[in-house]
Amino acid sequence: MTVSLLALALAATPKIDVRLPRNPRTVVGMETERRVRAHVAKASRWITKLAAQDDYRSARYELAVVGENRALDLGRSSTLLAIYNYTGGAHGMTSFVTVNLRAANGKVREVRLRDLFSSPDYRSVVETALLTKLRDMPGASWVESGEVREFTPAQLEVFTHDRDGRLTFYFEPYALGPYSSGSFEVTLSKAELGSTYRG
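*Asks:* Describe the pattern of salt bridges, and please don't skip the residues or the numbers.
*Replies:* Summed over the entire model, instances satisfying the criterion amount to 14 salt bridges. Glu33 is the partner of Arg25 in a salt bridge, and the nearest nitrogen-oxygen pair spans 3.6 Å. A salt bridge links Glu192 to Lys133; the shortest N-O distance between them is 3.2 Å. Residue Glu192 is found in helix H6 (residues 190-193), and its partner Lys133 is found in helix H3 (residues 122-134); the two are separated by 59 residues along the sequence. The class for Glu192 is partly exposed, based on a relative accessible area of 35%. Ionic contacts of the salt-bridge type, sharing partners, join the residues Arg25, Glu33 and Arg37 into one network.

*Asks:* I'd like a rundown of the side chain of Thr168, residues and numbers included.
*Replies:* Assignment of secondary structure puts Thr168 in strand E7 (residues 167-171). Within polar-contact distance, the side chain of Thr168 engages the side chain of Thr187 at 2.8 Å.

*Asks:* Explain the nonpolar core to me, using residue names and the numbers behind them.
*Replies:* Core analysis: the largest hydrophobic core is formed by 26 residues, its most contacted members being Leu113, Val126, Leu130, Phe151, Phe169, Phe171 and Leu176. Mapped by element, the contributors of at least two residues to this core are H3, E7 and strand E8 (184-188). At 6 residues, H3 tops the list of elements feeding residues into this core. In this structure Phe171 touches Phe96, Leu130, Phe151, Gln155, Leu176, Ser183, Phe184 and Val186, once residues within four positions along its chain are discounted. One finds Val40, Ala59, Leu63 and Leu81 within the second-largest nonpolar core, a separate group that totals 15 residues.

*Asks:* Help me get a handle on the sheet that holds strand E4 (residues 93-104), residues and values and all.
*Replies:* Strand order across the open sheet formed by 5 strands is E1-E2-E3-E4-E5, with mixed pairing between neighbours. Edge positions in the open sheet fall to strand E1 (15-19) and strand E5 (107-110), since each of these has one partner strand only. When strand polarity is set aside, the average angle formed by the axes of neighbouring strands in this sheet is 20°. Pairing analysis gives 10 bridges linking strand E2 (residues 62-72) to strand E3 (residues 76-86), with the strands arranged antiparallel. Looking at E3, one finds that Ala64 is bridged to Tyr84. Sitting on the sheet, helix H2 (residues 27-53) touches E1, E2, E3, E4 and E5, and the angle it makes with E3 is about 15°.

*Asks:* For the layout of surface pockets, give the residues involved together with the corresponding values.
*Replies:* Estimates place the volume of the largest pocket at around 380 Å³. Ile83, Ser95, Phe96, Val97 and Glu172 are, among the 17 residues lining the largest pocket, the residues nearest its centre. Elements with a minimum of two residues in the lining of the largest pocket: H2, E3, E4, helix H5 (153-156) and E7. It is H2 that contributes the most residues to the lining of the largest pocket, 4 residues altogether. Class assignment of the residues belonging to the lining of the largest pocket gives a composition of 11 nonpolar, 4 polar and 2 charged.

Reading the values: the criteria
Residues numbered from 1 in each chain as written. Predicted model: local features only at pLDDT ≥ 70, side-chain atom pairs only at ≥ 80, totals over all residues. Heavy atoms only, no water. Salt bridge = Lys/Arg side-chain N within 4 Å of Asp/Glu carboxyl O. Helix = DSSP H or I, 4+ residues; strand = E, 2+ residues; numbered from the N terminus. Buried < 20%, exposed > 50% of the residue type's maximum accessible area, 1.4 Å probe, protein only. Polar contact = N/O pair within 3.5 Å; in protein donor to acceptor, adjacent residues only side chain to side chain. Core = buried A, V, L, I, M, F, W, Y, C linked by side-chain atoms within 4.5 Å. Contact = heavy atoms within 4.5 Å. Pairing = 2+ DSSP bridges. Axes fitted to C-alpha atoms, helices over the stretch in contact; angles between N-to-C directions. 1 Å grid on protein atoms, 1.4 Å probe; cavity = no way out; pocket = protein on both sides within 12 Å on 5 of 7 lines; lining within 4 Å. Points joined across faces, edges and corners; volume = space filled by probe spheres on them. Nonpolar A, V, L, I, M, F, W, Y, C, P; charged D, E, K, R; others polar.

Spelled out as structure tokens, the structure:
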């Protein structure tokens, strides 16, 4: 009886593995860390709640978070979180969260895509560049077939920037093709982003 209760308790406890980069103790670095840890805490609460509600203990719930700083200096940061979760079924799911910050006059603010362009039609510029590149990428079958012709505002906010000003966008499985196609990472250069880009 004790063994079965222990097994039930273990099954109700998700396996959580978090690997985050170290951030410098600067204004931008500390705010980056605070926001990243808030995302991790939210994901951990979510999977722990799901596991506790599973009366059948049908799966070993898992959460893995890997963070990477794509750009980090005194004035700005760009961090990617790849979040994998397994809640049962044939496979787990991967999603992406990005944290883009910039400091000015001692204050840190979030950088949105619109902040990087001088023109209000920035979305069409980015969408056109992304679709053009994705048509040549293996596995992006829903782009090739025409099922995906545009992106949601939320999808276009999942990006990082690097020190050379390039933007990289991240798409989870099922966004551009079947699960077997996996996730996608698409990098656009300054030239591909056009003359109104000021990143």
